[in-house]
Amino acid sequence: MTTAAAEKIAIPAGFENAHVGPDRYADLYAESISDPEAFWGREGKRLDWIEPYTKVKNTNFAFGDVSIKWFEDGVLNASVNCVDRHLKDRADQTAIIFEPDDPQAEAQHITYAELSEKVNRFANVLLSQGVMRGDRVVIYLPMIPEAAYAMLACARIGAIHSIVFAGFSPDALANRINDSGAKVVITADTAPRGGRRTALKSNTDAALLHCSDRVRCLVVKHTGDQTTWIDGRDVDVKEQMKHVSPDCPPRPMGAEDPLFVLYTSGSTGKPKGVVHSTGGYLVYAAMTHQYTFDYKDGDIFWCTADVGWVTGHSYIIYGPLANGATTLMFEGVPTYPDAGRFWEVCAKHKVNQFYTAPTAIRALMGKGTEFVEKHDLSSLRILGTVGEPINPEAWNWYNDHVGKGKCPIVDTWWQTETGGHLITPLPGATETKPGSATVPFFGVRPEILDPSSAERIDGNGVEGVLCIADSWPGQMRTVWGDHQRFMETYFQQYPGYYFTGDGCRRDEDGYYWITGRVDDVINVSGHRMGTAEVESALVAHEHVAEAAVVGYPHALKGQGIYAYVTLMNGVEPSEELRAELEKWVRTEIGPIAKPDLIQWAPGMPKTRSGKIMRRILRKIAENDFGSLGDTSTLAEPEVVDELIANRMNRD
Ligand code: 6R9
């Protein structure tokens, strides 16, 4: 472990007039911690409230009584804040730039006036389908403007949306429809991506076989591809939108009413529905969008995430639109038609802030600099990363070749659960260090705890698990339908704190370095995967007796998925079976869960009480078996030698 502080990189010239400079950061941060009521009481006013709040913060982290409320007596509507309130001054400004997958197809510029009409009509279609305040609506759409309309339409009528990433399989979709108890699922016929098409409607048809007959299916005819059609269940959204009124009065919502549920992987069991609030979430998304990206009126903002992940929720839709920004939605992939697509789009739309994942940077870095140099990137002012730790090599490449040394890089650490950035540089205020998410955002109190004693470790040059000592408005409120699970997951192990699940180092300068998950969650290309989910998919196969899944370092993806599989008695391992299991996991969960390496394991290293020793499996997967630690408690120590001899990763 090295605790020596890395060199700081100075703030590039031209950020003297940023929203937040070093002194203002220090003053405001101090106030946000010493007097959160005053600080957030003021910040909450960035939204338009139908009934202003009189109470600001009412939060309790005590296990058993966890309760998180912000602005609790305020009344507002999220779609009004993201759309209606901008009509007075910026009706004709572009709200959304839609860049299609096909580079030859024309981009769309959707103004705030047009966005308003679409959202109102979409909301009326939902009402006509019987969707009411508090009902859940699952959205299974590609990166098209209708995804934004659908989200804001739900918000307008007080329905709770739950987006399922379009890369998930029918089974995963069905589980989320059922867990959330959704009345409606919104999908599209097919989704072009990288020149290929995903059959979303037929995936939805397959999912709905496992759901209540009452679930309606709203279909956006996006490509016009032929799909099956079930009369009485399937509804053509675009057609219906023509026939309903362009006015839908917004539903006044309590600040604490849920805005959305988003499923995310945890260390145990099935994915949990992370519930976010209307008021606190929107305040936090808008504020972090403004400050972290030093967003100014007229800027063109591009976050390359998918709306199926929290990053898309907060930084494609809610944050930018609450701020009256122009936000870019990209339907395609970074490498289609070639590895210059991101930079071509930046040049074409004169993007000012560009926000992507380290895995994309690493992939593009591998293709060489000529793809970047071909395009005029002079509009770029700020670069961001999110999703996983960024290795200094990728950071430097991003800084030198994309930012030309002139753009601050904001390495934003946060989670589905946190709603918005918690640890991040601010462009005009924070000197950066390649690989460090740097310092906390306003109101955030990070603490490093000792994983064995659960004691706080004070001072700098220390390492442990990362916890947060007090609430912030964007914090998740509960797990959908299971408040007990919420408390047990986040508040039990380290009493009095929110436990993030991440390991972390605080260096000599007080800068934070996220070292990765300390639980059984792996981070593949910035996407969270629970090892338990992949294991349960594997053991559902008739030939699999037992499976153990761990992460291992992967040059492009950050982490890869390594599966140890014990076959049923009498079943012989083969390359065909390996391919079949890979395909099986793809269909059970989705392509992102496909194991990179499968090792046949005649036996697993187990304790005498029958627990699989994952620590050992992790070491073997990391090809680091010189330091296996104590194996004396194993029931059959010889299985370890067998696993080492046949290991799949020898890098
Ligand atoms: C926003 C998002 C959350 C997990 C988180 C951590 C990892 C995210 C990071 C980062 C290092 C960063 N993570 N950002 N690690 N540096 N800048 O990604 O949410 O999908 O819930 O993942 O991702 O491990 O705990 P989510």
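Since this is a predicted model, take the numbers as computed values, not measurements. All residue numbers refer to positions counted from 1 along the written sequence of the respective chain. Reporting of local features is limited, given that this is a predicted model, to residues whose pLDDT is at least 70; pairs of side-chain atoms are given and counted only at 80 or more, and all residues count toward the totals for whole chains, interfaces and linings. Only hydrogens and water are set aside when side-chain values are computed; all heavy atoms of the structure are taken into account.

We now examine the environment of Val 244. By the secondary structure assignment, Val 244 is in the loop between helix H9 (237-243) and strand S13 (253-254). The buried category is assigned to Val 244, whose relative accessible area is 18%. Sequence-wise, Val 244 and Val 125 are 119 residues apart; in three dimensions their C-alpha atoms are separated by 6.8 Å. Between two residues, a contact is recorded if the distance between any of their heavy atoms is within 4.5 Å. Residues within four places of Val 244 in sequence aside, it is in contact with Arg 121, Asn 124 and Val 125. The helix count covers DSSP runs of H or I at least four residues long, the strand count covers runs of E at least two residues long, and both are numbered beginning at the N terminus. Categorising residues by exposure relies on relative accessible area from a 1.4 Å probe, with only protein chains included: less than 20% of the type maximum marks a residue as buried, more than 50% marks it as exposed, and the intermediate range marks it as partly exposed.

UniProt positions are given in the numbering used here, feature names are shortened, and annotations may be inferred rather than shown by experiment. Residues annotated by UniProt as "binding site: ATP" (unreviewed entry) correspond here to Gly 387, Glu 388, Pro 389, Asp 411, Thr 412, Trp 413, Trp 414, Gln 415, Thr 416, Asp 502, Arg 517 and Arg 528. The residue Gly 387 is located in the loop between strand S19 (382-386) and helix H15 (392-402) in this model. On the secondary structure map, Arg 528 appears in strand S28 (residues 527-530). Those residues within four positions of Arg 528 in sequence are excluded, and the remaining contacts are Thr 264, Ser 265, Gln 415, Thr 416, Glu 417, Arg 517, Val 521 and Ile 522. A 3.5 Å cut-off defines polar contacts: any pair of N or O atoms within that distance qualifies, except that in protein one atom must be a possible hydrogen donor and the other a possible acceptor, and neighbouring residues in sequence count only when both atoms are side-chain atoms. For Arg 528, the side chain forms a polar contact with the side chain of Thr 264, separated by 3.4 Å.

So, on to the pairing of S19. Within S19, five of the five residues are buried, leaving the element largely enclosed by the surrounding structure. Every second residue of S19 is oriented toward a common face, with Ile 382, Gly 384 and Val 386 on one face and Leu 383 and Thr 385 on the other, all of them buried. At least two bridges found by DSSP between two strands are what make those strands a pair. Relative to S19, strand S18 (residues 353-356) runs parallel, the two sharing four bridges. Its bridge partner lying in S19, Phe 354 is registered against Leu 383.

Two rings belonging to Phe, Tyr or Trp (six-membered ring only in the last case) form a pair when the distance between their centres is within 6.5 Å. Interplanar angles under 30 degrees mark stacking, angles over 60 mark edge-to-face geometry, and anything in between is tilted. Per the stated rule, a full pass over the model turns up 40 aromatic pairs. Between Tyr 315 and Tyr 355 the ring centres are 5.9 Å apart and the planes differ by 80°, which places this aromatic pair in the edge-to-face class. With a gap of 40 residues between them, Tyr 315 in helix H11 (residues 310-322) and Tyr 355 in strand S18 connect regions that are remote in the sequence. Between Phe 342 and Phe 354 the ring centres are 5.4 Å apart and the planes differ by 70°, which places this aromatic pair in the edge-to-face class. Of this pair, Phe 342 sits in helix H12 (residues 341-349) while Phe 354 sits in strand S18, and the two are twelve residues apart along the sequence.

This part is about helix H2 (residues 36-43). The α-helix advances 3.6 residues per turn, and as a result positions three or four apart in sequence lie on the same side. Along H2, the residues classified as buried are Pro 36, Phe 39, Trp 40, Gly 41 and Glu 43. Tucked inside the fold, the buried residues of H2 contact helix H1 (22-34), strand S1 (57-60), strand S2 (67-70) and helix H10 (279-292).

This brings us to the sheet that holds strand S21 (residues 446-449). Here we have five strands laid out as an open sheet, ordered S22-S21-S23-S25-S26, and antiparallel in their pairing. Where the open sheet ends on each side, the last strands, each with one partner, are strand S22 (456-457) and strand S26 (512-517).

The next subject is the site of the ligand. Put simply, a residue is near a molecule or strand once any heavy atom of it comes within 4 Å of that molecule or strand. The environment of the ligand is made up of 17 residues, and the closest members are Asp 411, Thr 412, Thr 416, Asp 502 and Arg 528. Within the backbone of Pro 389, one N or O atom sits 3.4 Å away from a nitrogen atom of the ligand. One of the side-chain nitrogen or oxygen atoms of Asp 411 is found 2.7 Å away from a nitrogen atom of the ligand. The protein chains shown are the only cover counted for residues, whose accessible areas, like all others here, come from Shrake-Rupley with a 1.4 Å probe. The fraction of the free accessible surface of the ligand (530 Å²) that becomes covered by protein chains is 96%. Mapped by element, the contributors of at least two residues to the shell around the ligand are H11, strand S20 (409-412) and S26. Gly is placed with the polar residues, together with every amino acid not listed as nonpolar (Ala, Val, Leu, Ile, Met, Phe, Trp, Tyr, Cys and Pro) or charged (Asp, Glu, Lys and Arg). Of the residues assigned to the shell around the ligand, the class counts are six nonpolar, six polar and five charged.

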